[in-house]
Amino acid sequence: MATTSRTNSVTSATPSASPSRINALGIAAVAVTVVLWASAFVGIRAIGPTFSPGSLTLGRLAVAAVVLGAVVLPQLLKSRKLPQGREWWPILAYGVMWFGGYNVALNAAEHLLDAGTSAMLINVSPILIAVLAGVFLKEGFPRWLIIGSLVAFGGVALIAFGSGSGSGDGSTADVAGVLLCLLAAVLAAVSVIIQKPVLRKFPAGQATLFGILVGAACCLPFTGQLVSELQSAPLPATLGLLYLGVFPTAIAFTTWAYALSLIDAGKLAATTYLVPGATILISWLVLSEIPTIWGLVGGVVCLVGVGLTRRRSRGPRNAA
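The shown structure was predicted, so the numbers you read here are calculated from the model rather than taken from an experiment.

*Asks:* How should I be thinking about a nonpolar patch on the surface in this particular structure?
*Replies:* Together, Leu-281, Trp-284, Leu-285, Val-286, Ile-290, Ile-293, Leu-296 and Val-297 line one region of the surface with nonpolar side chains, adding up to about 810 Å² of accessible area. Those elements that place two or more of their residues in the nonpolar patch are helix H12 (274-287) and helix H13 (293-309). Of all the elements, H12 adds the most residues to the nonpolar patch, at four residues. Along the chain, the position of Val-297 falls in helix H13. A relative accessible area of 36% places Val-297 in the partly exposed class.

In structure tokens, the structure reads:
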């Protein structure tokens, strides 16, 4: 796999790195990502009453851009290596879809669903990533992937059934939340596949910052709304927005990109099935939210599905 020279501590793997070191660094990056992304679902739910979906996305990305930019920009200016020509196209694509569209859809969904259920639904994306990676990144497409995918989608159906089993307007709102989560999952899955080749040319920090800036630019129409909501926001909500920008965005998206530069996309994506369990635990402790029985059963079925996908035998790694 071709890689760029190391410009900071958060870079793509180099050919000389030992497999054990790569695995250790990759596992550490995944662990940070899982914990911080799990906390994001709870954080979004907590401050959702204060910030609308678009303004929350813009505020979160603006904070992340400042924090990550302070680390990445000095080294970027020193190296003077910016994307050129067609190199911008995939960056623009995952910036719009993941940092922009995904976050707006997820924020809107969490106005309608609890944090744990949202996390379970978003974790349809690992199955989609595995399928797309098998086709476009040549990571393999064995039968256990298909079987596990069907089982996991069955789990999603159970979650959707449980969410819509109420009565009156609430059931319609919950179904809308499910659909928004599924939209976010699709946007995230496609974005991961697009981002993977970018990480062969640019370090994780730079690739993440570029995407954050693109996503923030897409959300600029929400600037007036964000300013208005910040003026009336209580201090805990403002601090929550800062937390989301620094930790689940600036840090976690960078550690994800770093892990993605070391590990196959399909294999890495499966690790995010740890997120719903962590989210439910944090949500129970912080927000006293517990998903429905159907939601819990559906989440277990999703985990069984991803466990089946892990039974697949991989061929030699392809550096396509």
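Still more ground to cover, so stick around.
*Asks:* I'm lost on helix H8 (residues 204-218) in this one. Help?
*Replies:* Because each turn of an α-helix spans 3.6 residues, side chains separated by three or four positions end up pointing in the same direction. Compared with an ideal rise of 1.5 Å per residue, which puts 15 residues at 21 Å, H8 spans 21 Å between its outermost C-alpha atoms and is within 8% of the ideal. Most of H8 is tucked away, with twelve of its 15 residues classed as buried. Every buried residue of H8 is listed here: Ala-204, Gly-205, Gln-206, Ala-207, Thr-208, Leu-209, Phe-210, Gly-211, Ile-212, Val-214, Gly-215 and Ala-216.

*Asks:* Would you mind showing me how to read unusual backbone geometry here?
*Replies:* Keep in mind that most residues, glycine aside, have a negative phi and that most peptide bonds are trans. At Lys-138, a position not held by glycine, the phi torsion is positive, near 60°. If you trace the backbone, Lys-138 turns up in the loop between helix H5 (125-136) and helix H6 (143-163).

*Asks:* Would you take a moment to explain the pattern of salt bridges for this structure?
*Replies:* As a working rule, side chains carrying opposite charge can pair if their charged atoms are close by. Counted according to the given criterion, the structure contains one salt bridge. When the shortest N-O distance is used, the salt bridge between Lys-201 and Glu-87 registers 3.9 Å. With a gap of 114 residues between them, Lys-201 in the loop between helix H7 (169-198) and H8 and Glu-87 in the loop between helix H2 (53-79) and helix H3 (88-109) connect regions that are remote in the sequence. Given the relative accessible area of 26%, Glu-87 is considered partly exposed.

Conventions adopted
- Residues numbered from 1 in each chain as written.
- Predicted model: local features only at pLDDT ≥ 70, side-chain atom pairs only at ≥ 80, totals over all residues.
- Heavy atoms only, no water.
- Patch = residues over 30% accessible without salt bridge, like charges linked within 9 Å, V, L, I, M, F, W, Y side chains within 5 Å.
- Areas by Shrake-Rupley, 256 points an atom, 1.4 Å probe, with all protein chains shown as cover.
- Salt bridge = Lys/Arg side-chain N within 4 Å of Asp/Glu carboxyl O.
- Helix = DSSP H or I, 4+ residues; strand = E, 2+ residues; numbered from the N terminus.
- Buried < 20%, exposed > 50% of the residue type's maximum accessible area, 1.4 Å probe, protein only.
- Expected span 1.5 Å × (residues − 1).

Take it as geometry only, folks, not as evidence of what the structure does.
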